[in-house]
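If you want the building blocks of each chain, they are given just below.
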Amino acid sequence: MTTTTSLATHYEQFLELLTRDPRTAADDRDAPLRARYGERVDPSGAAEPIVLTRDEWIRDQIDLTLAMGRLLTEDDVVVSAVPYELSFIGAQVDRVIEMVGASVISVGTSGTICPMPRLLGLIEQYEVTALVCSPSFAAELAGLAASLGKRPADSTVRTIVCVGEACSTERLDRIGAAWAARTSALYGTPSAPTVAVACDHGALHLCDHRLRAEVRGGPRGELILDGSPTGEAVELWPADRRCACGSASRVLLPLGGMASAVRGPDGLVSAVDVERVVFGHSRLAPHFACAVRNGTFHVTCAVADSGAVDAGALRRAIRGGVDEALGVEAEVTIVGVQDWSTAPS
Ligand SMILES: [Zn+2]
């Protein structure tokens, strides 16, 4: 098969790159080759440089290619709406889609050259079949399409790969329903674009052949990757707990940033835990925003038709549900989908 042959050729080129070392000076022989510069924002809001070695960059890309290869085919037309500037994920996703043999439309996330209405036009014009974007982006794009009188479920989009934001299965299902598409997720951090990839059962498996992961205060807590704290909360299954797919790689559940998690009566409570409770309510659109202020979750949800919903009753039900299930306080704001872009978070 053509695809298999060309992929194999690419891997050979990759492996050759990994073993080739053009340097001659003996004194820097042991230093790893640097390949790519990026930045991440630390908890205080300051930019922090990250440099990936060639080895990290390529091995990361191979894992992402294998994962995307299970989701996309050569016939797919894929929109990549992930960050490009000073980050790794955009360049990574582009290369990976090309490796799979599909075509790519890179729109990024800045919204300047290709704001969402233009993207909707491109999706129609080029019969886009797959989106790689954050769950929030997929939800907002569906909301915008609906507000323009279009039905996202009638579009050509059939696959949505969510990256860049922790998301519960419940919200992922809601996004899939809005687009009538199957959804999948990938997990990475600003310094390691591919940390865990989805199996056929929808579980995220840690790339543990390449990364050493621990959880501080585990099994739920801050993810430590290769000895460095990531600022990200996760749950990591113990090594002896196997996913139904049979893979020996540990299952990782992203829980969002440590900054948006609080200590509840039974341990760490994250924004994703709150999200799971929130999406127990079937009338909500797939939009979701959550921030923690003074130990209280501030949640913003959206409904498609605000006139048809008793917002006060829904707000009380969600608050009560979060308190009952998680033992934490939540302030809930409900807006109409059309007002989402100006809603508080
Ligand atoms: Zn699995």
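Scroll up a little and you will see the structure.
Read on for an overview of the structure.

Thresholds applied
- Residues numbered from 1 in each chain as written.
- Predicted model: local features only at pLDDT ≥ 70, side-chain atom pairs only at ≥ 80, totals over all residues.
- Pairing = 2+ DSSP bridges.
- Helix = DSSP H or I, 4+ residues; strand = E, 2+ residues; numbered from the N terminus.
- Axes fitted to C-alpha atoms, helices over the stretch in contact; angles between N-to-C directions.
- Contact = placed C-beta atoms within 7 Å.
- Buried ≥ 20, exposed ≤ 12 C-beta atoms within 10 Å, placed from the backbone.
- Parallel < 35°, antiparallel > 145°, perpendicular 65-115°, else oblique.
- Left-handed = near helix turned anticlockwise from the far one by under 90°.
- Core = buried A, V, L, I, M, F, W, Y, C linked by C-beta atoms within 7 Å.
- Right-handed = clockwise from strand over helix to strand, strands pointing away.

Taken in spatial order, the seven strands of this open sheet run β4-β3-β5-β6-β7-β8-β9, and their pairing is mixed. Only two strands of the sheet have a single partner each, and these edge strands are β4 (103–106) and β9 (204–206). Across the sheet, the mean angle from the axis of one strand to that of its neighbour is 30°, orientation sign disregarded. As judged from the three bridges shared by strand β8 (residues 192–198) and β9, these two strands associate in the antiparallel manner. Looking across to β9, one finds that A196 is bridged to L206.

Here we take up the sheet that holds strand β17 (residues 296–303). Taken in spatial order, the three strands of this open sheet run β16-β17-β18, and their pairing is mixed. Of all strands in the sheet, those with a lone pairing partner are β16 (284–293) and β18 (330–336), marking the two edges. Mean inter-strand twist for the sheet, computed between neighbouring axes without regard to direction, equals 20°. Taken together, the seven bridges between β16 and β17 define a ladder with antiparallel strand orientation. Following the sheet pairing, F288 is matched in β17 by C301. Against the sheet, helix α8 (residues 311–326) contacts β17 and β18, and its axis sits at roughly 145° relative to β18.

Positioned with a positive phi, L86 is a non-glycine residue whose angle comes to about 55°. Tracing the chain through its elements places L86 in the loop between β3 (77–81) and α3 (89–100). Its identity is not glycine, yet A180 carries a phi of approximately 50°, on the positive side. Relative to the helices and strands, A180 is located in the loop between α6 (169–179) and β7 (182–189). Residue classification places A180 among the partly exposed positions, given that 13 C-beta atoms sit within 10 Å.

One way to put it is that helix α2 (residues 54–69) packs onto α3 with a least axis distance of 9 Å and a crossing angle of 55°. Comparing their axes, α3 and α2 come out oblique. The element α2 and its partner α3 pack so that their crossing is right-handed. Contacts from D60, Q61, L64, T65, M68 and G69 of α2 reach α3 at Q92, R95, V96, I97, M99 and V100.

Turning to the environment of G202, a few remarks are in order. With respect to the secondary-structure elements, G202 resides in the loop between β8 and β9. For the pair G202 and T183, spaced 19 residues apart in the sequence, the C-alpha separation amounts to 8.9 Å.

A word on the nonpolar core. Grouped burial of nonpolar side chains is what soluble globular proteins tend to show. Formed by 92 residues in total, the largest nonpolar core has its most connected members in V132, A138 and V274. Top element by residues in this core is helix α5 (residues 135–147). It accounts for seven residues. Beyond its immediate stretch of four places on either side in the chain, A138 contacts L131, C133, I160, C162, I175 and W179.

The buried count for β7 comes to seven of eight residues, which makes it a mostly enclosed element. Assessed by its sense of winding, the connection that carries the chain from strand β6 (residues 159–162) through α6 to β7 is right-handed. As paired strands, β7 and β8 are joined by three bridges and run antiparallel to one another. Looking at β8, one finds that L186 is bridged to V197. The loop that links β7 with its antiparallel partner β8 comprises two residues.

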